[in-house]
Protein chains: 2
Amino acid sequence: MNVNFINPFLDSLIHVISTMASMELSSGKLSIKKDNDAKGDVSGLISLIGPQTKGSLSISFEQKLILEIMQNMLGENPGMINEEIIDLVGEITNMVAGGAKNILADEGYEFEMATPTVVSGQTHTIRHKVKGQKIIMPFDSHFGKAFIEMCFED
Amino acid sequence: MNVNFINPFLDSLIHVISTMASMELSSGKLSIKKDNDAKGDVSGLISLIGPQTKGSLSISFEQKLILEIMQNMLGENPGMINEEIIDLVGEITNMVAGGAKNILADEGYEFEMATPTVVSGQTHTIRHKVKGQKIIMPFDSHFGKAFIEMCFED
């Protein structure tokens, strides 16, 4: 996996949550171990296809964090992962991937973004099946954790 | 969503499971209701991007069914959803999408396939976020149920 792909996605998530939800996520230790699958209560998944490579991204949120994000963004907290939370996660995923896509385009890497898919269900596990290294980055905040998992074909 | 996209994926799943696992899946009633989300114990997700449209596909399996599929394909049943089952679901997803891609190409619809992502965790729910109709098709067999959920942008 091209290491140049990593920071645009990490920076884009931090930027989106900061500007849209006025919340600071602090990034933890990047892991490239194969058996560290992303776990979440709700996750947005999106794939990218480019002439040079293709890959996928998932952004997983603990329930308490995404509820607080929705509170900040939309002024309501539904208390559980409902249809509105699922919609929100889809939009956040679109924004994060879109932001990264723009940064990568400036660096010469062109990608088409697919449509996001949201998975919910407490402690589901996500495994990207790709011939390449998988990166997991945990994020922390006052309100809970999030995880980015990403990988691109070698 | 272009209705011509539906049957290639349904036929491809039936074909893959029949030829690779010697198992018959019978298709149920197609649903296009928005709130019928696919539920599974393990699901393969893959996105497709083409010049005319883009969309995503998920294939969700009940645990008992995918264990039986693995028994038939590889001669072993791990008794639970483990790494080998996750790998298998990724491969099945690749084969189903690849088969559909070929049928659609013959019909004049070109797509690039992304890399599959596998989600596990009992009764996770999948929601494809796309501006278009979402199709869910349930499949039944002697050993359990599967679901295809698919959608393409209008």
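The structure displayed is predicted, hence computed values, not measured ones.

Thresholds, definitions, all that
Residues numbered from 1 in each chain as written. Chains lettered and ligands numbered in written order. Predicted model: local features only at pLDDT ≥ 70, side-chain atom pairs only at ≥ 80, totals over all residues. Heavy atoms only, no water. Buried < 20%, exposed > 50% of the residue type's maximum accessible area, 1.4 Å probe, protein only. Helix = DSSP H or I, 4+ residues; strand = E, 2+ residues; numbered from the N terminus. Pairing = 2+ DSSP bridges.

Peer 1: Provide a residue-level description of the pairing of strand 3 (residues 54–61) of chain A, including the pertinent values.
Peer 2: Residues and elements named next belong to chain A. In terms of burial, strand 3 is a largely internal element, seven of the eight residues being buried. Bridge count between strand 2 (residues 38–49) and strand 3: eight bridges; the pairing is antiparallel. Across the sheet, the residue bridging to Leu 48 is Gly 55, located in strand 3. Pairing between strand 3 and strand 7 (residues 146–152): seven bridges, direction antiparallel. Bridge pairing links Ser 56 to Cys 151 in strand 7.

Peer 1: Can you tell me about unusual backbone geometry, naming the residues and giving the values?
Peer 2: A positive phi is found at Ser 22 of chain A, a non-glycine position, where the angle reads about 50°. With respect to the helices, strands and loops of the structure, Ser 22 of chain A is situated in the loop between helix 1 (6–21) and strand 1 (26–27). Phi at Thr 123 of chain B takes a positive value of approximately 55°, unusual for a residue other than glycine. Considering the arrangement of structural elements, one finds Thr 123 of chain B in strand 5 (residues 117–128).

Peer 1: Break down the pairing of strand 2 (residues 38–49) of chain B for me, with residues and values.
Peer 2: Residue and element names in this part refer to chain B. The buried fraction of strand 2 is high, at eleven of twelve residues. Both strand 2 and strand 5 contribute to a ladder of seven bridges, which runs antiparallel. The partner of Ala 38 across the bridge, within strand 5, is Ile 126. The hairpin turn running from strand 2 into strand 3 (residues 54–61), its antiparallel successor, is four residues long. Bridge analysis of strand 2 against strand 4 (residues 112–113) gives two bridges, and the strand direction is antiparallel. Bridging from a neighbouring strand, Ile 49 pairs with Glu 112 of strand 4.

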